[in-house]
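Residues per chain, in single letters:
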Amino acid sequence: MNTSGGWRPRRVPEARGRAGAPRTPIDYAKVGRSSVRRRARGMTHSEAVAALEGAELDAHLARRDEAAADDGGRRAAELAEWQRVVQLLAATTGGPYDPDADAVVQEELAEDRRREEPEQQRRQEQQRVADRAEELARLGGAGRLDRSVPSQAGDEAARDLLDENRDYRTAKVDAWLARALADQSGHYDDPAARVAAVGSLPVPVRARAALLAALARTGASVDGDLEFVGRLAQADPAATNALAAWLDDAVAVKGGPA
């Protein structure tokens, strides 16, 4: 879905397909075993024996063909799996074969799920960040990104995604995040979140928050947008931080805001 500013949130399938993204190598042996299990479903012992003999013949003929031999180990895995299925049926009722009742198959599937869980969680988090970035961009573009919208954990990543996509509403999000950090509102109510912001928010955003907080401590009204604070922070974050420190010192000398 396109937003009004033309920014398209980065979806999980697109992120997987980005240039340079790591690709999961194909496990040809696993593909071979899965193929055998699909074909063997419902087979009796005698049918599995016949299938094994056919696989052995194919393997024998493939030895003469170098191209066929270079299959990533799939043919050898298929042959071994047919042998295992035949042995399993011989040791039990003789059939029909059911991979759903095959302990080896079910353990492999369970291991696959355990191995894929971290990747699935990563994709879900990536999608959550994309959705949050889209929401913040929409609110910022509509002029409704204000103190009534509480900040959430992960908003820094959403902000970075907008910046990566060069969305013009990133400036609105920066101003909102600076205000939330200055007010210590939303998830910035947590001291640990404020500490983490030092490493996750751009320097100008942090400088803007510092000056807003210092101005509030003087007793001055900081309810407006105070656009000049953002311009100063963007132009010279070090000077902005110095001004914030100077204001704090001045308030301390006077004994606090009037």
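Just above sits the structure.
No experiment lies behind these values; they were computed from the predicted model shown.

1. Observations concerning empty space enclosed by the protein
Phase 1: One pass over the structure, following the stated rule, counts one cavity of 30 Å³ or more.
Phase 2: Put simply, the largest cavity is a space of about 30 Å³.
Phase 3: Lining the largest cavity we find R179, A182, D183, L212, A213, A216 and V222.
Phase 4: Secondary structure elements with two or more residues in the lining of the largest cavity: α8 (170-183) and α10 (203-217).
Phase 5: Classifying every residue of the lining of the largest cavity gives five nonpolar, no polar and two charged.

2. Some remarks on the environment of R39
Phase 1: Of note, R39 is situated in helix α2 (residues 28-40).
Phase 2: By relative accessible area, R39 is classed as partly exposed at 43%.
Phase 3: The spacing of R39 and Y97 is 58 residues in sequence and 9.9 Å in space, taken between C-alpha atoms.
Phase 4: Excluding anything up to four places from it in sequence, R39 contacts E78 and W82.

3. Let's talk about the pattern of salt bridges
Two side chains that carry opposite charge are able to pair once their charged atoms sit near each other.
Phase 1: One pass over the full model with this rule turns up 25 salt bridges.
Phase 2: As a salt-bridge pair, R114 and E107 come within 3.0 Å of each other at their nearest N and O atoms.
Phase 3: Accessibility expressed as a relative area gives 44% for R114, which makes it partly exposed.
Phase 4: Put simply, K30, E107, E111, D112, R114 and R115 are held in one network by salt bridges that share partners.

The rules we used
Residues numbered from 1 in each chain as written. Predicted model: local features only at pLDDT ≥ 70, side-chain atom pairs only at ≥ 80, totals over all residues. Heavy atoms only, no water. 1 Å grid on protein atoms, 1.4 Å probe; cavity = no way out; pocket = protein on both sides within 12 Å on 5 of 7 lines; lining within 4 Å. Points joined across faces, edges and corners; volume = space filled by probe spheres on them. Helix = DSSP H or I, 4+ residues; strand = E, 2+ residues; numbered from the N terminus. Nonpolar A, V, L, I, M, F, W, Y, C, P; charged D, E, K, R; others polar. Buried < 20%, exposed > 50% of the residue type's maximum accessible area, 1.4 Å probe, protein only. Contact = heavy atoms within 4.5 Å. Salt bridge = Lys/Arg side-chain N within 4 Å of Asp/Glu carboxyl O.

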